[in-house]
Amino acid sequence: MTPSVADVVIIGAGVVGTAIARTLAAYSLDLVVIDAAGDVGTGTSKANTAILHTGFDAKPGSLESRLLGRGSALLRSYAAAAGIPVERTGALLVAWTPEQAAALPAIEENARRNGYLLVRRVPAGELYAREPRLGPGALGALEIPDESIICPWTTPLAFAAEAVARGVRLLLSAQVTGVALADDGVYELATTRGSERCRWAVNAAGLGSDAVDRMFGGDGFTIRPRRGELIVFDKLARTLLRSILLPVPTERTKGVLVAPTVYGNVLLGPTAEDVLDRGDTATTASGLRSLLAAGRRILPGLAGEEVTSTYAGLRAATEHADYQVYADAGRRYACAGGIRSTGLSASLGIAEHVAGLLEEAGLVLKPRSGSAGSAGFAGGAGFAGGAGFAGTPPVMPYIGEAGLRPYQDAERIAADPAYGEIVCHCERVTRGEIRDALASPVPPADLGGLRRRTRAGNGRCQGFSCAAAVSRLLAGALAPLP
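Treat the numbers as computed from the prediction; the structure is a model and nothing was measured. (Residues numbered from 1 in each chain as written. Predicted model: local features only at pLDDT ≥ 70, side-chain atom pairs only at ≥ 80, totals over all residues. Heavy atoms only, no water.)

All right, on to the overall build of the protein then. Each helix and strand in the protein was counted, giving 12 helices and 22 strands. Considering only C-alpha atoms, the protein reaches an extent of 70 × 55 × 40 Å along its principal axes. Counting only residues that meet the buried cut, the protein has 55% of its 482 residues in that class. Summarising the internal contacts of the protein: among those between residues at least 6 apart in sequence, 71% fall at separations of at least 24. Counting 48 positive and 47 negative side-chain charges, the protein places the centres of these two groups 3 Å from one another. (Helix = DSSP H or I, 4+ residues; strand = E, 2+ residues; numbered from the N terminus. Buried < 20%, exposed > 50% of the residue type's maximum accessible area, 1.4 Å probe, protein only. Contact = heavy atoms within 4.5 Å. Lys, Arg positive; Asp, Glu negative; His and termini not counted. Charge placed at Lys NZ, Arg CZ, Asp CG, Glu CD.)

This is the structure in structure tokens:
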């Protein structure tokens, strides 16, 4: 920790916190990102359905709807520039009962009210022509052609890498335990690694955002964690479907979906269960049974496919139906709380909006040399610099299946044989990729972090064959200098 006073401290290094850091880094500010975890993107950001939403099904007129529509457009553009894996598969929202079929016109109208006009009705015949492996009995669907799949791991890493390149300090394994206002008007943030001083603070603490909000004098919401369990099927299941298969949502949940992933697998889930423990990411026998039953109905062929892994994530649900995003000029504080499952897709829209709120609250935003500036935020809506800086973001290592991977690149291997030396055979991860990840601006601190950067250990054997070799490479990189 340094004794200097930061202009802004951002609490939380998930996809929303890193997006805010990356956006504010366009300005002449001394920025610090603090997170209790040892890596970026370790909470809800890494354990979701990995879908880049259009926002077609958000509540019209809500803040979530506005920021999701804006954020989705920004992230599509950013992903293309930063090398984040994205595949535009489209989605089919399938009706299985007469009641669900009767709900489709209202969902279509909802999408149009949200500004998404490409939604259209698909009759049963066309639906089965497009998805012949679909279970029997579907009555029709809505097509949402721009729904996409995305890498949820590379996205916050890209935001963090760009922020760090712009001079943002990243302080990990530093849980904020208290906040005090010093006599000089500067905040003193107590953390498990010492104290940090700042003039402004931004709360993007995810599942802990209500606790942090109370540290700064707020009391407007309470996080009610909602656990979602998911099942990942082997890559051989990928031929079973072409599109994201969505259910007709209920009042409480969007339901169970089946979707391809950018890594070549098939994803089934999530469940929706309110839990008390904010660290309870365990899967359950009942939850997995319910998912398998739903999967057999939606896509019967899944019953014969191998399961690669299961996991669970916690969504930061609150008692409110909308995001809890605001800024308080008197407290020099902004909050981005209650960001649920749409946070990945909306992240850049949320960041743009928070920057606008901060400017309105009095934070001076002077563009850095060579950065895009503000044309007047109007609460974030008119931010000219939201889509990116004048330069291009750092290009991230590509870990999807749709593009060229290092083990497939003869020219790259010829220039550096390490890219031809496969360490993880299930996922075709090379020693060169692991070496690069360990030497990156935001390096991994453990095997989980290395997995999110390279896919090493993420395949069929779940690291059984490669764990020793990968662990040796990680231990060598983390070993203290003699």
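Scanning all chains against the criterion turns up 5 aromatic pairs. Between the aromatic rings of Y187 and F216, the centroid separation amounts to 5.1 Å while the plane-to-plane angle is 75 degrees, which identifies the pairing as edge-to-face. With Y187 in strand β11 (residues 187–191) and F216 in the loop between α6 (209–215) and β13 (226–233), this residue pair connects regions lying 29 residues apart in the sequence. Classification of F216 by relative accessible area gives buried; the value is 5%. A centroid spacing of 6.0 Å and a plane angle of 70 degrees characterise the contact between Y326 and Y333, whose relative ring orientation is edge-to-face. What makes Y326 partly exposed here is its relative accessible area of 26%. Ring-pair connections join several aromatic residues into one group, and the members of that group are Y187, F216, Y326 and Y333. (Phe/Tyr/Trp six-rings, centres within 6.5 Å; stacked < 30°, edge-to-face > 60°.)

This next bit is on the pattern of salt bridges. For the structure shown, the criterion picks out 31 salt bridges. The residue D184 makes a salt bridge to R197 at a minimum N-O spacing of 2.6 Å. One end of the pair, D184, is in the loop between β10 (176–181) and β11; the other, R197, is in strand β12 (residues 194–203), with 13 residues separating them in the sequence. For R278, the salt bridge goes to D210, with nearest N and O atoms at 2.7 Å. Here R278, found in the loop between β17 (273–274) and α7 (285–298), pairs with D210, found in helix α6; they are 68 residues apart in sequence, far enough to count as distant. Of the residues examined, R278 reaches a relative accessible area of 34% and is grouped as partly exposed. According to the relative accessible area criterion, D210 is buried, its value standing at 2%. (Salt bridge = Lys/Arg side-chain N within 4 Å of Asp/Glu carboxyl O.)

In the contact formed by helix α10 (residues 431–438) and helix α11 (residues 447–454), the axes pass within 10 Å of each other and the chain directions differ by 115 degrees. For the crossing formed where α10 meets α11, the hand is right-handed. Residues E433, I434, A437 and L438 of α10 touch α11, and the partners they reach there are L450, R453 and T454. Classifying every residue of the contact of α10 with α11 by side-chain character gives 4 nonpolar, 1 polar and 2 charged. (Axes fitted to C-alpha atoms, helices over the stretch in contact; angles between N-to-C directions. Left-handed = near helix turned anticlockwise from the far one by under 90°. Nonpolar A, V, L, I, M, F, W, Y, C, P; charged D, E, K, R; others polar.)

Strand order across the open sheet formed by 3 strands is β3-β8-β4, with antiparallel pairing between neighbours. Whereas interior strands pair on both sides, the edge strands pair on one side only; in this sheet they are β3 (51–52) and β4 (86–87). Sheet topology note: the β4/strand β8 (residues 148–150) ladder contains 2 bridges and is antiparallel. Across the sheet, residue V86 finds its bridge partner in β8, namely I150. (Pairing = 2+ DSSP bridges.)

A few words now on the environment of V256. Examined against the element boundaries, V256 turns out to sit in the loop between β14 (244–247) and β15 (257–260). In sequence terms V256 and E64 are 192 residues apart; their C-alpha atoms lie 21 Å from each other. Other than its neighbours up to four places away in sequence, V256 contacts P247, L268, G269, P270, L291, A294 and I298.

This part covers unusual backbone geometry. The step from G269 to P270 runs through a cis peptide bond, and the omega angle for that step is 0 degrees. The residue A50 is not glycine, and still its phi comes out positive at about 55 degrees. Among the secondary structure elements, A50 is positioned in the loop between β2 (31–34) and β3. Of the residues examined, A50 reaches a relative accessible area of 10% and is grouped as buried. The backbone of R455 shows a phi angle near 80 degrees, a positive value even though the residue is not glycine. Mapping R455 onto the fold places it in the loop between α11 and α12 (467–478). Taking the relative accessible area as the measure of exposure, R455 reaches 0% and is therefore buried.

In short, the description is geometric, and any link to function would need to be established separately.
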